Amino acid sequence: MGGNFLLENLEIFLSYTGFANATPGHFVMILVGILFIFLAVKYEFEPLLLIPIGFGMLIGNIPFKDAGLQVGIYEEGSVLNILYQGVSKGWYPPLIFLGIGAMTDFSALISNPKLMLIGAAAQIGIFAAYMIALQMGFEPNQAAAIGIIGGADGPTAIFLSSKLAPNLMGAIAVSAYSYMALVPIIQPPFMKLLTTKKERLIRMKTPRHVSNTEKIIFPVAGLLLTTFLVPSGLPLLGMLFFGNILKESGVTRRLAETARGPLIDVITILLGVTVGASTQATQFLTTSSIMIFALGAFSFIVATIGGVLFVKFFNLFLSKENKINPLIGNAGVSAVPDSARISQVVGLKYDPTNYLLMHAMGPNVAGVIGSAVAAGILLGFLG
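This text gives an overview of the structure that appears in the document. Source: prediction; values computed, not measured. (Residues numbered from 1 in each chain as written. Predicted model: local features only at pLDDT ≥ 70, side-chain atom pairs only at ≥ 80, totals over all residues. Heavy atoms only, no water.)

Looking now at the overall build of the chain. Counting its secondary structure elements, the chain contains 21 helices and 0 strands. The globule rule puts the C-alpha radius of gyration for 383 residues at 21 Å, and the 22 Å found for the chain is close to it. Each principal axis of the C-alpha distribution contributes one length, and for the chain these read about 95 × 45 × 40 Å. The buried share of the chain, reckoned over its 383 residues, is 54%. When the accessible surface of the chain is summed, it comes to about 17400 Å², and 70% of that surface belongs to carbon and sulfur atoms. Taking the 22 positively charged and 18 negatively charged side chains of the chain as two groups, their mean positions are separated by 16 Å. (Helix = DSSP H or I, 4+ residues; strand = E, 2+ residues; numbered from the N terminus. Rg over C-alpha atoms; globule rule 2.2 N^0.38 Å. Buried < 20%, exposed > 50% of the residue type's maximum accessible area, 1.4 Å probe, protein only. Areas by Shrake-Rupley, 256 points an atom, 1.4 Å probe, with all protein chains shown as cover. Lys, Arg positive; Asp, Glu negative; His and termini not counted. Charge placed at Lys NZ, Arg CZ, Asp CG, Glu CD.)

Between helix α4 (residues 47-60) and helix α12 (residues 169-181), whose axes approach to 10 Å, the crossing angle comes to 140°. Considering the angle they form, α4 stands oblique to α12. Relative to α12, the crossing made by α4 is left-handed. Side by side, α4 and α12 meet where Leu-49, Leu-50, Ile-53 and Met-57 of the first sit next to Val-174, Tyr-177, Met-180 and Ala-181 of the second. The residue inventory of the contact of α4 with α12, partitioned by class, reads 8 nonpolar, no polar and no charged. (Axes fitted to C-alpha atoms, helices over the stretch in contact; angles between N-to-C directions. Parallel < 35°, antiparallel > 145°, perpendicular 65-115°, else oblique. Left-handed = near helix turned anticlockwise from the far one by under 90°. Contact = heavy atoms within 4.5 Å. Nonpolar A, V, L, I, M, F, W, Y, C, P; charged D, E, K, R; others polar.)

Grouped together as the largest cluster of nonpolar side chains are 100 residues, with contacts concentrated most on Ile-324 and Ile-369. Looking at which element gives the most residues to this core, the answer is helix α21 (residues 357-382), with 12 residues. In this structure Ile-324 touches Lys-114, Leu-115, Ile-118, Ile-202, Met-204, Val-311, Phe-314, Asn-315 and Leu-318, once residues within four positions along its chain are discounted. (Core = buried A, V, L, I, M, F, W, Y, C linked by side-chain atoms within 4.5 Å.)

A separate point is the side chain of His-359. Relative to the helices and strands, His-359 resides in helix α21. The class of His-359 is buried, set by a relative accessible area of 9%. Apart from residues lying up to four places away in sequence, His-359 is in contact with Leu-115, Met-204, Lys-205, Thr-206, Pro-207 and Ile-328.

Moving on to the environment of Leu-134. Looking at the secondary structure, you find Leu-134 in helix α9 (residues 124-135). Classification of Leu-134 as partly exposed rests on a relative accessible area of 31%. Setting aside anything within four residues of it in sequence, one finds Leu-134 in contact with Glu-139, Pro-140 and Ala-143.

A separate point is the packing of aromatic side chains. Throughout the structure, instances matching the rule amount to 11 aromatic pairs. Look at Phe-284 and Phe-293: their rings are 6.4 Å apart centre to centre, the planes differ by 85°, and that puts the pair in the edge-to-face class. Its relative accessible area of 25% is what places Phe-293 among the partly exposed residues. Every member of this aromatic cluster is reached through a ring pair, and the members are Tyr-179, Phe-284, Phe-293 and Phe-300. Across from the ring centre of Tyr-350, 4.7 Å away, lies the NZ or CZ of Arg-200, which sits over that ring. (Phe/Tyr/Trp six-rings, centres within 6.5 Å; stacked < 30°, edge-to-face > 60°. Lys NZ or Arg CZ within 6 Å of the ring centre and 35° of its normal.)

To continue, consider helix α20 (residues 338-350). The terminal C-alpha atoms of α20 lie 19 Å apart, and with 13 residues this matches the ideal 18 Å at 1.5 Å per residue to within 8%. All of the buried residues in α20 are Asp-338, Ser-339, Ala-340, Ile-342, Ser-343, Gln-344, Val-346 and Gly-347. Elements in contact with the buried residues of α20: α12, α13 (183-193) and α21. (Expected span 1.5 Å × (residues − 1).)

Turning our attention to the packing of α13 against helix α19 (residues 287-315). Running from N to C, α13 and α19 point in directions that differ by 45°, and their axes come no closer than 10 Å. Compared by their axis directions, α13 and α19 come out oblique. Taken as a pair, α13 and α19 cross one another with a handedness that is right-handed. Contacts from Val-183, Ile-186, Gln-187, Phe-190 and Met-191 in α13 reach Phe-300, Ile-301, Thr-304, Ile-305 and Val-308 in α19.

Next up, the structure:
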């Protein structure tokens, strides 16, 4: 009698363990999470993003028996579910943009406004992927959310997918952050392929000095211009420019330090872990997810190519002393500051004295604005 009772309880206990509820998909996602952590630690690929996301994948793919225990991210009322609402409801992205604005120096863009065009040109990847996604059978709102991956801007991708395609958010978010982390691998081959040795050696004029007055005017003018044009981009653009004026005003240093330090760090942790946990195998491993990863790669590559080719085209109309090194064209995507850093690294390989970082930051920060504007346009039409 007592033996049977113990055996029955042991069977019940075992039925609740991860071993009893695991599927091959859970182990696949656990391996992906470990890979993310490995890439972050070994190669320092966006460790602030990949480690939280990778560990979140481990958390989200611990198998359990769904018995109303409120432990999973998709179980209403669980701690993970409550934290995930910052992603699913679109709360975290504007707060991330506040921090980005507080740490961004727009001087390179202010001193050379034509670099804004490179950031705009790189957004071609978003709309190219949007059209391809439509042809592949995705609904217009889903296609728009997928296309935004080409901007290489995780918060923007999360914000737009939370509004247009919440059922695809996990795949879109992980795809966007993955390609942001893989910038050092994806972009250089296309930068080299599309440029000549002569073009890679172009030396750009030293940026002019930008006054404090200009730096204060820029976020005000930028907010009014972009949001009057695309009001639906207000949550992202408003917080981006608000963060920037906190930095540039010179009288709100404490607020700026909080926005670009403790606040963005906390939000990055919560966003990364919950996005990773949302990749629960039963919800995540679908044909749509695979298609989204493929379209995301396509979108990001087209954005990189679009930025580089636009600079080459633009140079046809510029005088010799004003020509732009096309190696900064890749920085038109909004992976700040990684894509600008890649411009510098590739440029130094061909001329160790030609420093492109400051120039590349112009299109790089323009790409941040551009991707938010593109998201606002898509949201305005499809929201």
